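# Understanding the architecture of this molecule
The primary structure of each chain is shown beneath.
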Amino acid sequence: KITGSVYNNMGVLLTVNGEQELSAENTNGIDTEGKGSNVNFRNLKSLTASSDGGDINGIYADSESSVDVAMSGKIKVDNANGNAHGIYASDGSTAKVSGATDISVTANNPAYYDDGLSSISATYGGDVDVTMSGKISAGAGGSYVRANGVEAQEGSYVKISGATGISATGLNASDDDYSDA
């Protein structure tokens, strides 16, 4: 059961109760975008997001926004044909997650060979802070695909504490196409 509140820079409040499970194309389980926007979620049990194509993110913060999630279960993201990220912060945004157990992301044929699939990702000045008690895994299928367990790019920062292991599996790897863990 989920109880949470969502705020944006206009002061809008949304309270939800129930399971957080989504399935669609270009899906974000929890999404915050735009300067000053903020999502603050408490008592999240688990988050599952799946898609048949497009981009999919479990928890997403972009364009100088922030998201803060306290949970007690798994984050699972699966994309049958496209990009997938478990927790993603970009463009000066922050994502903080506490209490997660396992974080698992799988995708076939991500559009971007190098950063189309990651369990935890920060790009272009994004910051991610995760406190968890389980494993981080990323698994890719398709051609010319790299899987990233954890990645930070372009002046970004990722902090993880409590993880018990990391695995990343890319398929059809070559010298220029590999898995990072």
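Attention here is on the structure that accompanies the text. (Residues numbered from 1 in each chain as written. Predicted model: local features only at pLDDT ≥ 70, side-chain atom pairs only at ≥ 80, totals over all residues. Heavy atoms only, no water.)

This part covers unusual backbone geometry. For E64, which is not a glycine, the phi torsion comes out positive at approximately 60°. Residue classification places E64 among the partly exposed positions, given a relative accessible area of 42%. Backbone geometry places Y124, a non-glycine residue, at a positive phi of 45°. Here Y124 shows up in the loop between β13 (117-123) and β14 (127-132). (Buried < 20%, exposed > 50% of the residue type's maximum accessible area, 1.4 Å probe, protein only. Helix = DSSP H or I, 4+ residues; strand = E, 2+ residues; numbered from the N terminus.)

Inspection of every chain in the model, using the stated rule, returns 1 aromatic pair. Centroid distance Y60 to Y88: 5.6 Å. Interplanar angle 5°. Geometry classified as stacked. With Y60 in strand β7 (residues 54-62) and Y88 in strand β10 (residues 82-90), this residue pair connects regions lying 28 residues apart in the sequence. Under the relative-accessibility criterion, Y60 is labelled buried at 14%. Residue classification places Y88 among the buried residues on the basis of a relative accessible area of 14%. (Phe/Tyr/Trp six-rings, centres within 6.5 Å; stacked < 30°, edge-to-face > 60°.)

Here we come to the nonpolar core. I30, I59, V69 and I87 are the most contacted members of the largest nonpolar core, which has 34 residues in total. What I87 contacts, discounting residues up to four positions off in sequence, is I59, I75, A95, V97, I103, S119, I120, S121, V128 and V130. (Core = buried A, V, L, I, M, F, W, Y, C linked by side-chain atoms within 4.5 Å. Contact = heavy atoms within 4.5 Å.)

Here S93 lies in the loop between β10 and β11 (94-100). One polar contact links the side chain of S93 to the main-chain amide nitrogen of S63, over a distance of 3.2 Å. Among the polar contacts listed, one links the side chain of S93 to the backbone nitrogen of E64, at a separation of 3.0 Å. Apart from the residues lying within four places of it in its own chain, the contact partners of S93 are A61, D62, S63, E64, S65, G125, G126 and D127. (Polar contact = N/O pair within 3.5 Å; in protein donor to acceptor, adjacent residues only side chain to side chain.)

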